[in-house]
Amino acid sequence: MSYRTLAEAVEDLARRGFSDVLRVVDGRLRANGRGEALRTEELTIHEFYRFEGISDPDDMEIVYAIGSAQGVRGTLVDAFGVYSDPAKSAVLEGVPFRAEGR
């Protein structure tokens, strides 16, 4: 699948079931509106898409479509490259990538 913008990717992923917004809190992923932290060993990255800024190639972002064994499915957005958030990178380190239907 190919997307022109980050917003387009996030909207489509939400329509396809990755509707939770994920964020890193205290070194763990959490879905907005849910209390429990997701265990890294129960996570899978299903898809990811990278985007470069139109006017500045250093303006790069990535969106991950992530699922958990507990049924949580959501997206996590980060900068890509030197501007990426070390806390997000640490959480995702070791989370396997398993493409759906590819």
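Residues numbered from 1 in each chain as written. Predicted model: local features only at pLDDT ≥ 70, side-chain atom pairs only at ≥ 80, totals over all residues. Heavy atoms only, no water.

### Points about the nonpolar core
Now for step 1: Core analysis: the biggest nonpolar cluster contains 14 residues, and L22, L29 and I66 have the highest contact counts within it.
Now for step 2: Breaking this core down by element, the ones donating at least two residues are β2 (28-31), β4 (43-52), β5 (60-68) and α2 (86-92).
Now for step 3: Ranked by the residues each element gives to this core, the list is headed by β5, at three residues.
Now for step 4: The contacts of I66, once residues within four sequence positions are left out, are F18, L22, L29, L43, T44, I45, H46, V72, R73, G74, L76 and L92.
Now for step 5: Counting nine residues, the second largest nonpolar core, distinct from the first, contains Y3, L6, L13 and A65. (Core = buried A, V, L, I, M, F, W, Y, C linked by side-chain atoms within 4.5 Å. Buried < 20%, exposed > 50% of the residue type's maximum accessible area, 1.4 Å probe, protein only. Helix = DSSP H or I, 4+ residues; strand = E, 2+ residues; numbered from the N terminus. Contact = heavy atoms within 4.5 Å.)

### Examining the side chain of D78
Now for step 1: Relative to the assigned elements, D78 resides in strand β6 (residues 73-79).
Now for step 2: Lacking a salt bridge, the buried D78 has K88 as its closest oppositely charged neighbour, with an N-O distance of 4.4 Å.
Now for step 3: Here the side chain of D78 touches D85 through a polar contact of 3.0 Å, landing on its backbone nitrogen.
Now for step 4: Beyond its immediate sequence surroundings of up to four residues, D78 is in contact with E61, I62, S84, D85, K88 and S89. (Lys, Arg positive; Asp, Glu negative; His and termini not counted. Salt bridge = Lys/Arg side-chain N within 4 Å of Asp/Glu carboxyl O. Polar contact = N/O pair within 3.5 Å; in protein donor to acceptor, adjacent residues only side chain to side chain.)

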